[in-house]
Amino acid sequence: MLAFRLTAAGATALQDVPVPEPGPGEVLVRVGAAGACHSDLHMIDATAPRHVPLTLGHEIAGWVEALGPGVTGFAVHEPVGVYGVLGCGQCAECLRGRENACRSGFGGIGLTRDGGMAEFVVVPARCLMPLGGLDVVRAAPIADAGLTPYHAIAMHRCALQAGSTCVVLGVGGLGHLAVQILRATTAATVIAADIAPDALALAKRLGAHAVVDTEDPDAAVAEIREHAGAADVVFDFVGLSATLDIARRVVATGGHLSLVGLGGGTLPVSPGGWTLPFEVRITLPFWGTRAEFREVLALAARGDLTTEIQPFDLADVATAYDRLRAGAITGRAVVVPGGARA
Ligand SMILES: NC(=O)c1ccc[n+]([C@@H]2O[C@H](COP(=O)([O-])OP(=O)(O)OC[C@H]3O[C@@H](n4cnc5c(N)ncnc54)[C@H](O)[C@@H]3O)[C@@H](O)[C@H]2O)c1
Ligand SMILES: [Zn+2]
Ligand SMILES: [Zn+2]
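Residues numbered from 1 in each chain as written. Chains lettered and ligands numbered in written order. Predicted model: local features only at pLDDT ≥ 70, side-chain atom pairs only at ≥ 80, totals over all residues. Heavy atoms only, no water.

For clarity, the cut-off: UniProt positions are given in the numbering used here, feature names are shortened, and annotations may be inferred rather than shown by experiment.
The name that an unreviewed UniProt entry assigns to the protein chain is alcohol dehydrogenase, with the source organism given as Kutzneria kofuensis. Turning to the protein chain, the UniProt record has this under Cofactor (unreviewed entry): "Zn(2+)". Taken directly from UniProt, the Sequence similarities (unreviewed entry) text for the protein chain runs: "Belongs to the zinc-containing alcohol dehydrogenase family."

### Structural notes on the UniProt feature "domain: Enoyl reductase (ER)" (unreviewed entry) in the protein chain
Definition in use: Numbering of helices and strands starts at the N terminus; helices are DSSP runs of H or I of at least 4 residues and strands are runs of E of at least 2.
Taking the UniProt record as the reference, the feature "domain: Enoyl reductase (ER)" (unreviewed entry) is found at residues 10-335. The distance separating the terminal C-alpha atoms of residues 10-335 is 20 Å; by composition the span is 28% helix and 25% strand.

### Focus on the packing of aromatic side chains
Basically, it comes down to this: Ring pairs shown here join Phe, Tyr and Trp side chains whose ring centres sit within 6.5 Å, with only the six-membered ring taken for Trp; geometry is labelled stacked below 30 degrees between planes, edge-to-face above 60, and tilted in between. Only protein chains enter the accessibility calculation, which uses a 1.4 Å probe; a residue is then buried when its area is under 20% of its type maximum, exposed when over 50%, and partly exposed in between.
In the structure shown here, the tally under the stated rule is six aromatic pairs. For the pair Phe 4 and Tyr 321, a centre-to-centre distance of 5.4 Å together with 20° between the ring planes defines the contact as stacked. With a gap of 317 residues between them, Phe 4 in strand β1 (residues 2-8) and Tyr 321 in helix α10 (residues 317-325) connect regions that are remote in the sequence. An identical accessibility class is assigned to Phe 4 and Tyr 321; each is buried. Each member of the aromatic cluster is reached from another via a ring pair, and the members are Phe 106, Phe 286 and Trp 287.

### A closer look at the side chain of Thr 275
Here is the rule we go by: Pairs of N or O atoms within 3.5 Å make up the polar contacts considered here, provided that, within protein, one atom can donate a hydrogen while the other can accept it, and that residues adjacent in sequence are counted only when both atoms are side-chain atoms.
As for its placement among the helices and strands, Thr 275 is situated in the loop between β13 (251-259) and β14 (281-283). Judged by relative accessible area, Thr 275 falls into the buried class, the value being 15%. Of note is the side chain of Thr 275, whose polar atom sits 3.1 Å from the backbone nitrogen of Ser 270.

### Observations regarding unusual backbone geometry
Cis geometry is adopted by the peptide bond preceding Pro 53, which originates at Val 52 and carries an omega value of -5°. You will see that Trp 274, though not glycine, has its phi angle at about 60°, which is positive. Mapped onto the fold, Trp 274 is located in the loop between β13 and β14. Within the chain, Trp 287 stands out as a residue other than glycine whose phi angle is a positive 50°.

### Observations regarding the coordination of the zinc ion (ligand 2)
As a reminder, the rule being used: Donor atoms: N, O and S within 2.8 Å of the metal, or within 3.2 Å for Na, K and Ca. Because water is excluded, sites can look incomplete.
The coordination sphere of the zinc ion (ligand 2) contains the protein donors Cys 37 (SG), His 58 (NE2) and Asp 144 (OD), at a distance range of 1.9 to 2.3 Å. In the primary sequence, the donor residues of the zinc ion (ligand 2) line up as C-x20-H-x85-D. Of this pair, His 58 sits in the loop between β4 (54-55) and β5 (60-67) while Asp 144 sits in the loop between α3 (136-139) and α4 (147-155), placing them 86 residues apart in sequence. A single burial state applies to His 58 and to Asp 144, both of which are buried.

### Some details on the domain arrangement of the protein chain
We apply this condition: Segment limits for the domains were obtained from an automatic or database-derived domain assignment. Only heavy atoms enter the contact rule, under which two residues are in contact if any of them lie within 4.5 Å. Two parts placed together each lose some accessible area under a 1.4 Å probe, and the buried area is that loss summed for both.
By the assigned domains, the protein chain splits into domain 1 (2-143 + 288-336) and domain 2 (147-283). If you average the C-alpha positions of domain 1 and of domain 2, the two centres end up 27 Å apart. Listed by partner, the interface residues are 23 residues for domain 1 and 18 residues for domain 2. Here domain 1 meets domain 2 over a buried area of about 1700 Å², counting both sides, of which 62% is carbon and sulfur. For domain 1, the biggest contributors to the area lost against domain 2 are Glu 292, Glu 308 and Thr 330; these three give 23% of the whole.

### Focus on the sheet that holds strand β2 (residues 11-16)
For clarity, the threshold we go by: Strands are treated as partners if at least two bridges between them are detected by DSSP.
Strand order in the open sheet formed by three strands is β2-β1-β4, with antiparallel pairing between adjacent strands. In the strand order of this sheet, the two ends are held by β2 and β4, each with one partner. Sheet topology note: the β1/β4 ladder contains two bridges and is antiparallel. Each residue of the ladder has a partner; that of Leu 6, found in β4, is Leu 54.

### Points about the coordination of the zinc ion (ligand 3)
Convention followed: Square planar and octahedral assignments, for four and six donors respectively, both demand that opposite donors be over 155 degrees apart and that all other angles lie between 65 and 115; tetrahedral needs four donors with all angles between 85 and 135 degrees, and anything else is irregular.
The protein atoms donating to the zinc ion (ligand 3) are Cys 88 (SG), Cys 91 (SG), Cys 94 (SG) and Cys 102 (SG), with metal-donor distances spanning 2.3 to 2.4 Å. Each of the four donor atoms around the zinc ion (ligand 3) contributes to a set of angles spanning 104 to 117°, which defines the coordination as tetrahedral. For the zinc ion (ligand 3), the donor residues sit on a single chain with the sequence spacing C-x2-C-x2-C-x7-C. With relative accessibility at 32%, the residue Cys 88 sits in the partly exposed group.

### Thoughts on the pairing of strand β16 (residues 332-336)
Basically, it comes down to this: Crossover handedness is defined here as right-handed if the route from the first strand over the helix to the second strand goes clockwise, with the strands pointing away from the viewer.
Judged by how many residues are buried, β16 sits mostly within the fold: five of five residues are covered. Here β16 shows a buried face lined by Arg 332, Val 334 and Val 336 and a second buried face lined by Ala 333 and Val 335. Examined bridge by bridge, strand β3 (residues 26-35) and β16 share two bridges and lie antiparallel to one another. Within the sheet, the bridge partner assigned to Ala 34 lies in β16 and is Val 335. Of the pairings in the sheet, the one linking strand β15 (residues 309-313) to β16 comprises five bridges and is parallel in character. Bridge assignment links Asp 313 to a residue of β16, and that residue is Val 336. Since β15 and β16 lie parallel, the crossover through α10 that links them has a hand, and here it is right-handed.

### Focus: the site of ligand 1
Note the cut-off: A single heavy atom is enough: if one lies within 4 Å of a molecule or strand, its residue is considered near that molecule or strand. The Shrake-Rupley method, run with a 1.4 Å probe, gives the accessible areas here. Residue values count only the displayed protein chains as cover.
Near ligand 1, the surroundings consist of 27 residues, among which His 38, Ser 39, Asp 194, Thr 214 and Arg 332 are the closest. Within the contact set of ligand 1, an oxygen atom lies 2.8 Å away from a backbone nitrogen or oxygen of Trp 287. Expressed as a share of its isolated accessible area of 860 Å², the protein-covered part of ligand 1 is 90%. Mapped onto the shell around ligand 1, the elements with two or more residues apiece are α1 (38-45) and α5 (173-185).

What follows is the structure, encoded as structure tokens:
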């Protein structure tokens, strides 16, 4: 089968590899679609990747193809989403259902073991979530681009009451789903900010109450403050120093900062140095829990969440990542091994 693999620092290749065999407790999934996440670009750019060679792709939906020894409860051809987080299952956080905060370290399908940018992927059976009637291709990004903002929003729900204002910085794969989750599950006013005009148009269409161009950061800060005064919650889905600085300058005293984007920027925190207002709370969320995956899929099933997708054939996966890097994807690029036009 074809698989798009990270082979060394900065090096990727579409390779012909054997179809993997499901071991005990595992399932072979025929990939219906896999989303191209900006985190894959960070992995490609890492100077010393720890898991190579590795098939990329951690946002997966597809159909059960074969059950490994001992697996019951799934039917062949059943449509499934893949919960990609792999915790140890035994530490205090895993036992609380928070595998995404596993104390034994960080693991994930397409991060530390082969992922879904391929025709097939093998995953532990406990990772499978029935998709019901959801479209498999549109469902794939929900496994991360939907789940991660859902979890980040849940962490700050107490500050997202009626009359409060939040800011979404970066309306890409994660951000465009964040806007919809905020509208569907909170009463907060949503201001969406991006440098790309197409992203701002999408945010407006998906229900943002206001949109702000961040090309000129000073003007963006002034405009956000005009709308919001100061923001109760700022979600940064970019993580560059430029966006962290906007977040710092617009957050209210007692407000919340949710730093989701992994852009490698720096936010100075200096008690007494007046870098941040008093009483601010900062979180660094990672992915989400299995229960939250079920909940965010339910939002999609109810029609409150629609993934804006740009489909690519598996043969064109490198082009999908090139476009993502160039900022030329609106919504989420999804790779469809069965054919983007199928
Ligand atoms: N913490 C987690 O668990 C987690 C999970 C998934 C992704 N991520 C990270 O979240 C980030 C976003 O991922 P994505 O797949 O949505 O990326 P994406 O490329 O789809 O979207 C990024 C968006 O940010 C916008 N942007 C870039 N520079 C900007 C600026 N200066 N001001 C405003 N907007 C700007 C882009 O135009 C684009 O719309 C990445 O860093 C990714 O690694 C984190
Ligand atoms: Zn991701
Ligand atoms: Zn654990």
